[in-house]
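Residue-level listing of the chains:
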Amino acid sequence: MRARQLEVFTAVMRAGTVTGAARLLNTSQPALSQVLRQTEDELGFNLFDRDKGRLTPTPEAIELHPEAERLFGELEGLRRKAADLRLGRAGLVRIGCSTPPAMSVLPLVLSAFRASHPSVALRCNVAPVQALEKMLREGDASLALALNNETTPELEAEVLGRIGFCCLLPDEHPLAERQTLSLADLEDEFVISYNTNTRPRDELDRAALQAGAQFSPSMEIDTSISAVGFVQAGLGVAVVDALLPWQQFDGLHLRPLTDSPALPLAMLTLRERSLSRAEELMRGQIRDLIPRNLPAIS
């Protein structure tokens, strides 16, 4: 019994008449009667006894009906699921993200997306750039946000905007009296900043070279967020990205870095993998919200 035949049979059993079933299925009575006759021919037995236009279910129909209702319910569920996926009302979106966008712009995106698509499940993993690339290749993420657009050929990097750098100073630090700081101002300080051979450190090294300044961090860190505790403890001055919402941490003074280099905030996807409907909707939300919610570069 095919899907259409199942649909007609259950409709007739529910309505009790061909006319009522045709009304339920929004079809004509002759078309429905034809499907019913074809079903009986294929089954090799009658489903209904006919007497002056009245239909009475046969014992065979009565025995088939509960299983037909179960299958029809599953078919309807499948149709609803397919419609939900088409309209972005269901599904799963996996996002990978480095710490700065995860603590700043990504919450805005997810909140707006959730309001429009409450049935879509969301999964977010915060990780370094190298780990994000691995997650995309292995299918653990379909989209990723990172402060780097220099990726492997199998990944596509769409730059959403550019992020500058800033300085974090502990309480009562003499440089906190200034409104802005330059790399030259930090030459005699204990500087906390990124590891060598990373995109942020490369950008800062180039900026220092162009400015004729020395930039040699006394302490190197893997992620910018790890600088918070060190600065709060008075260990030194941190040079970090300006995307992370540093103002939420106590015991820090935030100062813009003048002539700051810029880091690209990029959305990463796997070139060979197509995005689902829900993932495409998420990508549109990211493109719409993130560029206009980035801090200006000093």
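The residue count restarts for each chain, going from 1 along the sequence in the order it is written. pLDDT decides what is reported in this predicted model: residues at 70 or higher carry local features, side-chain atom pairs at 80 or more are listed and counted, and totals for whole chains, interfaces and linings draw on all residues regardless. As a rule here, side-chain values come from all non-hydrogen atoms in the structure, and water together with hydrogens is ignored.

### Some thoughts on the sheet that holds strand E10 (residues 237–241)
Stage number 1. Strand order in this open sheet of five strands is E9-E8-E10-E7-E11, and the pairing throughout is mixed. Two strands in the sheet have a free side with no partner beyond their single neighbour: strand E9 (219–221) and strand E11 (252–256). When the angles between neighbouring strand axes are averaged without regard to direction, this sheet yields 30 degrees.
Stage number 2. Where strand E7 (residues 165–170) meets E10, four bridges bridge the pair, whose relative direction is antiparallel. If you follow Cys167 over to E10, its bridge partner there is Val239.
Stage number 3. In this fold helix H8 (residues 199–211) packs onto E7, strand E8 (191–194), E9 and E10, with an angle of close to 120 degrees to the strand it touches most, E8. Note on pairing: DSSP must find at least two bridges between two strands before they are called paired. Secondary structure elements follow DSSP: runs of H or I of four or more residues count as helices, runs of E of two or more count as strands, with numbering from the N terminus. Each axis is a line fitted through C-alpha atoms, taken for helices only over the stretch in contact, and angles between the N-to-C directions span 0 to 180 degrees. Throughout, a contact is declared for two residues whenever any of their heavy atoms are within 4.5 Å.

### Some remarks on helix H6 (residues 106–116)
Stage number 1. For every residue, the accessible area (1.4 Å probe, protein chains only) is compared with the maximum for its type, and the residue is labelled buried under 20%, exposed over 50%, or partly exposed between those bounds. Turning to H6, its buried residues are Leu106, Val109, Leu110 and Phe113. Down the axis of H6, the smallest arc covering the buried residues is 90 degrees, so these residues share one side.
Stage number 2. Lining the buried residues of H6 we find strand E3 (92–97), helix H5 (99–102), strand E4 (121–126), strand E5 (143–146) and helix H10 (277–289). The arc refers to the directions leading from the helix axis to the C-beta atoms.

### Quick look at the packing of aromatic side chains
Stage number 1. Put simply, two rings from Phe, Tyr or Trp (the six-membered ring, in Trp's case) pair if the centres are within 6.5 Å, and we call them stacked under 30 degrees between planes, edge-to-face over 60, tilted for the rest. Enumeration according to the criterion identifies three aromatic pairs in this entry.
Stage number 2. Ring plane angle 55 degrees and centroid distance 6.1 Å describe the contact between Phe9 and Phe48, whose orientation is recorded as tilted. One end of the pair, Phe9, is in helix H1 (residues 3–15); the other, Phe48, is in strand E1 (residues 48–51), with 39 residues separating them in the sequence. Across the pair, Phe48 and Phe9 agree in class, each one buried.

### Overview of the nonpolar core
Stage number 1. Residues belong to one nonpolar core when they are buried, are Ala, Val, Leu, Ile, Met, Phe, Trp, Tyr or Cys, and are joined through side-chain atoms within 4.5 Å. Counting 57 residues, the largest nonpolar core has Val239, Met282, Ile286 and Ile290 as the members making the most contacts within it.
Stage number 2. No other element matches the five residues that E7 contributes to this core.
Stage number 3. Once you skip the residues sitting within four places of it in the chain, Met282 turns out to touch Val93, Ile95, Val109, Leu110, Phe113, Leu122 and Leu143.
Stage number 4. Val18, Leu25, Leu32 and Phe48 belong to the second largest nonpolar core, which has 19 residues in total.

### Re the pattern of salt bridges
Should the charged atoms of two oppositely charged side chains come close, the side chains can pair.
Stage number 1. One speaks of a salt bridge when a side-chain nitrogen belonging to Lys or Arg is within 4 Å of a carboxyl oxygen belonging to Asp or Glu. As enumerated under the stated definition, the model contains 17 salt bridges in all.
Stage number 2. A salt bridge links Glu279 to Arg273; its shortest N-O distance comes to 3.2 Å.
Stage number 3. When its relative accessible area of 2% is taken as the criterion, Glu279 is described as buried.
Stage number 4. Classification of Arg273 by relative accessible area gives partly exposed; the value is 34%.
Stage number 5. Overlapping salt bridges bring together Glu150, Arg199, Glu203 and Arg206 as one network.

### Some words on unusual backbone geometry
Stage number 1. Phi is positive for Asn26, close to 55 degrees, though the residue is something other than glycine.
Stage number 2. With respect to the helices and strands, the residue Asn26 is situated in the loop between helix H2 (18–25) and helix H3 (29–43).

### Remarks on the side chain of Ser224
Stage number 1. Note on placement: Ser224 falls in the loop between E9 and helix H9 (227–232).
Stage number 2. For this analysis, a polar contact is any N or O atom pair within 3.5 Å, provided that within protein one partner can donate a hydrogen and the other can accept it, and provided that sequence-adjacent residues contribute only side-chain to side-chain pairs. In terms of polar contacts, Ser224 uses its side chain to reach the side chain of Asp241, at 2.8 Å.
Stage number 3. When residues no more than four places from it in sequence are discounted, the contact partners of Ser224 are Pro100, Tyr194, Val240, Asp241, Leu244 and Trp246.

### Re the sheet that holds E4
Strand pairing in a sheet is mediated by backbone hydrogen bonds. Such pairs are either parallel or antiparallel.
Stage number 1. Spatially, five strands are ordered E4-E3-E5-E12-E6 in an open sheet, and the strand pairing comes out mixed. Of all strands in the sheet, those bounded by a partner on one side alone are E4 and strand E6 (155–163). Put simply, the sheet's adjacent strands are angled 20 degrees from each other on average, direction ignored.
Stage number 2. Judged from the eight bridges that link them, E6 and strand E12 (residues 263–270) form a sheet pairing that is antiparallel. Looking across to E12, one finds that Val159 is bridged to Ala266.

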